[in-house]
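Given next are the chains, with one letter for each unit.
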Amino acid sequence: MPKLQGFEFWSRTLRGARHVVAPMVDQSELAWRLLSRRHGAQLCYTPMLHAQVFVRDANYRKENLYCEVCPEDRPLIVQFCANDPEVFVQAALLAQDYCDAIDLNLGCPQMIAKRGHYGAFLQDEWDLLQRMILLAHEKLSVPVTCKIRVFPEIDKTVRYAQMLEKAGCQLLTVHGRTKEQKGPLSGAASWEHIKAVRKAVAIPVFANGNIQCLQDVERCLRDTGVQGVMSAEGNLHNPALFEGRSPAVWELAEEYLDIVREHPCPLSYVRAHLFKLWHHTLQVHQQLREELAKVKTLEGIAAVSQELKLRCQEEISRQEGAKPTGDVPFHWICQPYVRPGPREGSKEKSGARSKRALEEEECGTEILSKNKQKKQLRNPHKTFNPSLKPKYAKCDQCGNPKGNRCVFSLCRGCCKKRASKETADCPGHGLLFKTKLEKSLAWKEAQPELQEPQPAAPGTPGGFSEVMGSALA
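Keep in mind it's a predicted model, so treat the numbers as computed, not measured.

Thresholds applied
- Residues numbered from 1 in each chain as written.
- Predicted model: local features only at pLDDT ≥ 70, side-chain atom pairs only at ≥ 80, totals over all residues.
- Heavy atoms only, no water.
- Core = buried A, V, L, I, M, F, W, Y, C linked by side-chain atoms within 4.5 Å.
- Buried < 20%, exposed > 50% of the residue type's maximum accessible area, 1.4 Å probe, protein only.
- Helix = DSSP H or I, 4+ residues; strand = E, 2+ residues; numbered from the N terminus.
- Contact = heavy atoms within 4.5 Å.
- Salt bridge = Lys/Arg side-chain N within 4 Å of Asp/Glu carboxyl O.
- Polar contact = N/O pair within 3.5 Å; in protein donor to acceptor, adjacent residues only side chain to side chain.

**Things to note about the nonpolar core**
Line of reasoning, step 1. The biggest cluster of nonpolar side chains holds 108 residues, and the ones touching the most others in it are Phe80, Ile102, Leu164 and Leu172.
Line of reasoning, step 2. Here the element with the most residues in this core is helix H12 (residues 249-262); it accounts for eight residues.
Line of reasoning, step 3. Residues within four places of Leu172 in sequence aside, it is in contact with Cys146, Ile148, Ala161, Leu164, Val197, Ile203, Pro204, Val205 and Phe206.
Line of reasoning, step 4. Within the second largest apolar cluster, eleven residues are counted, among which are Cys406, Cys411, Cys414 and Leu431.

Here it is, written out as structure tokens:
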């Protein structure tokens, strides 16, 4: 059967999907995809997989795709991050029989993507991306798609999308934020960029960003003209978003836990999902938040969720006929989470400040993130104020902290290389190349000279004939 392309691929293979669950690291696993499909999702992506690890590690393939084969979980797109055409295609060939398309992640803005040189940090390397998409388009039996972030300029974003289309991309998901828009600096996604891309390409386009409820989905479809709308954060807080419902949190939490019992996944995934679903309630019941963080079993997580349900039901019975109170009066229903932006005054004349600058500013005050508060509970003497952190002398070569007693004023790694090259000692790092060499030479000199035994001539005592004679006797 010939490979379907463009709109034919979207309408036939993807069944004209309009409601899409985004690829989310450690969050869009099989159990969550099945829950989302039961509540209106028409297409799901796997979590982002590392192409290089997928190629070399059979266990990684088994844990992240092969063991998750489920007839209900289609249509499905597998997403990879990669920066090498050959590796990307090798991984895709291993995955293509388990999905309906292969997606290349060009949208991840996180620091790990910068260090690994993938995701949104490839968006300026157009020649490389063309080669990756072109090779995948030629070699794969399923279509190749891309998920991108926008450039600040609409015209450059349009040219970027057209380049990917020309290389062989059959469907494009456009997240309407730049790679700098993340965390507290996320801001609103630009639907204008998405609309311009949709008008400029002849392949299906999905929109991503600013989706918190079904009304947002419908407005996005209308305003941008895209074929489908993808949700990530909104889906995590309300898996029934595409149904237009906001059910009680415990309804979806219990359903999800039942699916996990049938299709197990790491406990960390389950805990993260429960934290998202119960987010607003956990702001009220802080003690249960700590319990949810500490439990070590699936049944323990289920027990905490059940206790949250009972407390919410008690609160509902007390509020009957009374005026609701609190910042989120009906915290027990699934509802959007609005990510807090930078605090007032956090912007400078040059524009928004970096995330690191915001963190450093917070460290100078008594306001600490929940993660930092947990670290401080474990170690009361820990400080997050950069001005109070100890200063370390740097290695002369690589910039890492140097050893205080290193004879070369280097870190251990650089010291080991130099000491080995020069056959020298560094007592500070416990490296004794010179000492060991001297001991070895002294030992050899102390040994008597080993003389090779001379073979005896045949017929002489101890010779061949005597040996044979004794053997025959």
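**Quick look at the pattern of salt bridges**
Line of reasoning, step 1. Going through the model one piece at a time under the given rule, you end up with 17 salt bridges.
Line of reasoning, step 2. The partner of Asp223 in a salt bridge is Arg222, with the nearest N and O atoms 3.7 Å apart.
Line of reasoning, step 3. Ionic contacts of the salt-bridge type, sharing partners, join the residues Arg33, Arg37 and Asp73 into one network.

**Here's the deal with unusual backbone geometry**
Line of reasoning, step 1. Note the cis peptide between Arg74 and Pro75, where omega equals 0 degrees.
Line of reasoning, step 2. Here Pro75 shows up in the loop between helix H4 (58-64) and strand E4 (76-81).
Line of reasoning, step 3. A positive phi angle is found at Asp26, which is not glycine, with a value near 60 degrees.
Line of reasoning, step 4. Looking at the element boundaries, Asp26 is found in the loop between strand E1 (19-21) and helix H2 (30-38).
Line of reasoning, step 5. By relative accessible area, Asp26 is classed as partly exposed at 37%.
Line of reasoning, step 6. Located in the positive-phi region is His117, a residue other than glycine, with phi close to 60 degrees.
Line of reasoning, step 7. Residue position: His117 is located in the loop between helix H6 (111-116) and helix H7 (126-139).
Line of reasoning, step 8. Overall, His117 belongs to the partly exposed group, its relative accessible area being 31%.

**Some thoughts on the side chain of His193**
Line of reasoning, step 1. Looking at the secondary structure, you find His193 in helix H9 (residues 191-200).
Line of reasoning, step 2. At 3.0 Å, the side chain of His193 forms a polar contact with the backbone oxygen of Phe151.
Line of reasoning, step 3. Setting aside its immediate chain neighbours within four residues, His193 contacts Val150, Phe151, Pro152, Glu153, Ile154 and Thr157.

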